[in-house]
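Residues per chain are reported as follows:
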Amino acid sequence: KIFLTEITKTDVESFGRWLTNKGYKTNTVITTLRNLSALFSYAVEIGAIQESPFANFKIGTKYRQESHKQPISIESIDLFKQYWLYYMTTLGGDKRIYKEAMTISSKLFAMNVFLMSYELQGLALVDMAKLTTREVKNFEYSHDGKGYLIISTHRSKTGKEVTIVLTPDLFNYPLFKFYIDYMMENDYLLPIFRKKDDTENKQINRIRYATEWVNRKLHGHGSIEGRKAYVGIWSEFNQWLTDIVDKNVITLKRNNIEVNKKNVKSFFIAEKTTFYAARHSFASNFINSEGATAGELATLLGRNVSGIDRYIAELGGIKKIIDARNKMK
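Below: a short report on this structure. What you see is a predicted model; the values in this text were computed from it and never measured.

**Comments concerning the overall build of the protein chain**
And step 1. If you tally the helices and strands in the protein chain, you get 14 helices and 5 strands.
And step 2. A total of 329 residues make up the protein chain; the buried ones form 41% of that total.
And step 3. For the protein chain, the share of sequence-separated contacts (at least 6 apart) that also reach a separation of at least 24 residues comes to 60%.

**Comments concerning the packing of aromatic side chains**
And step 1. Summed over the entire model, instances satisfying the criterion amount to 19 aromatic pairs.
And step 2. Ring centres 5.9 Å apart and planes at 80° place the aromatic pair Phe54 and Phe57 in the edge-to-face group. One exposure class covers both Phe54 and Phe57, and it is buried.
And step 3. Centroid distance Tyr118 to Phe282: 6.2 Å. Interplanar angle 80°. Geometry classified as edge-to-face. In this pair, Tyr118 sits in helix H6 (residues 107–119) while Phe282 sits in helix H12 (residues 277–287), placing the two residues 164 residues apart along the sequence.

**Here we look at the nonpolar core**
And step 1. Counting 75 residues, the largest nonpolar core has Phe80, Phe114, Met116, Leu120, Tyr179, Ile192 and Leu241 as its most contacted members.
And step 2. The biggest single contributor to this core is H6, with 9 residues.
And step 3. Core analysis: the second largest hydrophobic core is formed by 12 residues, Val12, Val29, Phe40 and Phe57 among them.

**Here's the deal with the environment of Thr132**
And step 1. The topology assignment puts Thr132 in the loop between helix H7 (125–129) and strand S1 (136–141).
And step 2. Judged by relative accessible area, Thr132 falls into the buried class, the value being 1%.
And step 3. Spatially, the C-alpha atom of Thr132 lies 8.5 Å from that of Leu190, the residues being 58 residues apart in sequence.
And step 4. Each residue touching Thr132, except ones within four places of it in the same chain, is listed here: Met183, Asp187 and Tyr188.

**Some points on helix H5 (residues 94–101)**
And step 1. Among all positions of H5, only Ile97, Glu100 and Ala101 are buried. Taken down its axis, H5 places every buried residue within 100° of arc, on the same side. Turned more than 90 degrees away from the buried face of H5 sit Lys95 and Lys99, all of them exposed.
And step 2. Among the structural elements, helix H4 (74–91), H6 and helix H9 (174–186) are those in contact with the buried residues of H5.

**With respect to the sheet that holds strand S3 (residues 161–166)**
And step 1. Overall, antiparallel pairing links the 3 strands, which are arranged S1-S2-S3 in an open sheet. Whereas interior strands pair on both sides, the edge strands pair on one side only; in this sheet they are S1 and S3. Going across the sheet, the axis of each strand differs from the next one's by a mean of 30°, ignoring polarity.
And step 2. The sheet contact formed by S1 and strand S2 (residues 147–154) spans 5 bridges and is antiparallel.

**As for the environment of Leu91**
And step 1. When you line up the elements, Leu91 lands in helix H4.
And step 2. For Leu91, a relative accessible area of 11% puts it in the buried group.
And step 3. Note: C-alpha distance between Leu91 and Leu108 (17 residues apart in sequence) is 9.4 Å.
And step 4. When residues no more than four places from it in sequence are discounted, the contact partners of Leu91 are Arg96, Ile97, Glu100 and Leu108.

**Section: the environment of Thr5**
And step 1. Summarising the element assignment, Thr5 is placed in the segment before helix H1 (9–21).
And step 2. For Thr5, a relative accessible area of 60% gives the class exposed.
And step 3. Counting along the chain gives 43 residues from Thr5 to Ala48, while the straight-line C-alpha distance between them is 8.4 Å.
And step 4. Beyond its immediate sequence surroundings of up to four residues, Thr5 is in contact with Ala48 and Ile49.

**Describing the packing of H5 against H6**
And step 1. The contact between H5 and H6 brings their axes to 7 Å, and the two run at 70°. Taken together, the axes of H5 and H6 are roughly perpendicular relative to one another. Contact residues: H5 offers Ile97, Glu100 and Ala101, while H6 offers Leu108, Phe109 and Asn112.

**Notes on unusual backbone geometry**
And step 1. Phi at Asn255 is positive, roughly 65°, even though this residue is not glycine.
And step 2. By the element assignment, Asn255 lies in the loop between strand S4 (250–252) and strand S5 (257–259).
And step 3. Notably, Asn256 is not glycine yet its phi reads approximately 55°, a positive angle.

**Some thoughts on the side chain of Asn215**
And step 1. With respect to the helices and strands, the residue Asn215 is situated in helix H10 (residues 200–219).
And step 2. For Asn215, a relative accessible area of 15% corresponds to the buried category.
And step 3. Each residue touching Asn215, except ones within four places of it in the same chain, is listed here: Gly220, Thr274 and Phe275.

**Side note on the pairing of S3**
And step 1. The alternating pattern of S3 places Val162, Ile164 and Leu166 on a buried face, while none of Glu161, Thr163 and Val165, on the opposite face, is buried.
And step 2. Relative to S3, S2 runs antiparallel, the two sharing 6 bridges. By the bridge assignment for S3, His154 is matched with Glu161.
And step 3. As consecutive antiparallel partners, S2 and S3 are separated by 6 residues, and within that stretch Gly159 has a phi angle of approximately 80°, a positive value.

Procedures and definitions
- Residues numbered from 1 in each chain as written.
- Predicted model: local features only at pLDDT ≥ 70, side-chain atom pairs only at ≥ 80, totals over all residues.
- Heavy atoms only, no water.
- Helix = DSSP H or I, 4+ residues; strand = E, 2+ residues; numbered from the N terminus.
- Buried < 20%, exposed > 50% of the residue type's maximum accessible area, 1.4 Å probe, protein only.
- Contact = heavy atoms within 4.5 Å.
- Phe/Tyr/Trp six-rings, centres within 6.5 Å; stacked < 30°, edge-to-face > 60°.
- Core = buried A, V, L, I, M, F, W, Y, C linked by side-chain atoms within 4.5 Å.
- Arc of directions from axis to C-beta.
- Pairing = 2+ DSSP bridges.
- Axes fitted to C-alpha atoms, helices over the stretch in contact; angles between N-to-C directions.
- Parallel < 35°, antiparallel > 145°, perpendicular 65-115°, else oblique.

Take a look at the structure:
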């Protein structure tokens, strides 16, 4: 037995090294230490101990979190949608697909919420999890009679209101249809929060659990404590795309672009890409659209216009600078 009062900062540092040496990813080590830190903070709060060993231990400074949020090109998103359709056909009938779509630890759920975030104007996972029949309920019709699903919500990070518009081809598509049907019975759009999750702590734990599983499925992990290495979704997509173009050239309807053996790697998605890349991908692909403005992007993302310029600068990186220089030729 080890008493809380016996655990020191040195022990915490040793535990962190032990997790790293066992092969756990940096993000997993950070999450584990933060959960442990929360336990000690509670112990201090109730008077069980006088000081937490994490008092002078800065987890964020000690470990640099791997976000890997670089944007994915619109062409690669289109190809990934094709892979998503292919993956669903491998599952079988509607019952199996529905079961996988509702299982937070499944690959299909990870693919679904990534694509949903992209289509929902880069909405964060926590904000998607909070969507209920109160936000997802308004239909509006254009002059040509097309119905649009209007979602009005607030971003958890900033509290800023954001309005999302889904066209009929999206909300009637299997990607959303499964979850809209689920919402009619369970109130929530996604099976992350539940009606009994009535406290903030319960909701925080549920969203952490979902985020960890989604990222784990997206980028996979190496061999841990003798367990077989897990191949992530991005890696499987890259291999699928390689196998397809090995036999046939893919012609993308968007701009009539060809994907072949010579250029296939340029459409790969980096294997360490995390869920947050869905937001950056939407932002990047929108701002690179003809006629798009920073003000429109700020509205779609639920951000203040005054801070959007820095966000756009982060999206482009060196490629943007090269493209700008090439315009002078």
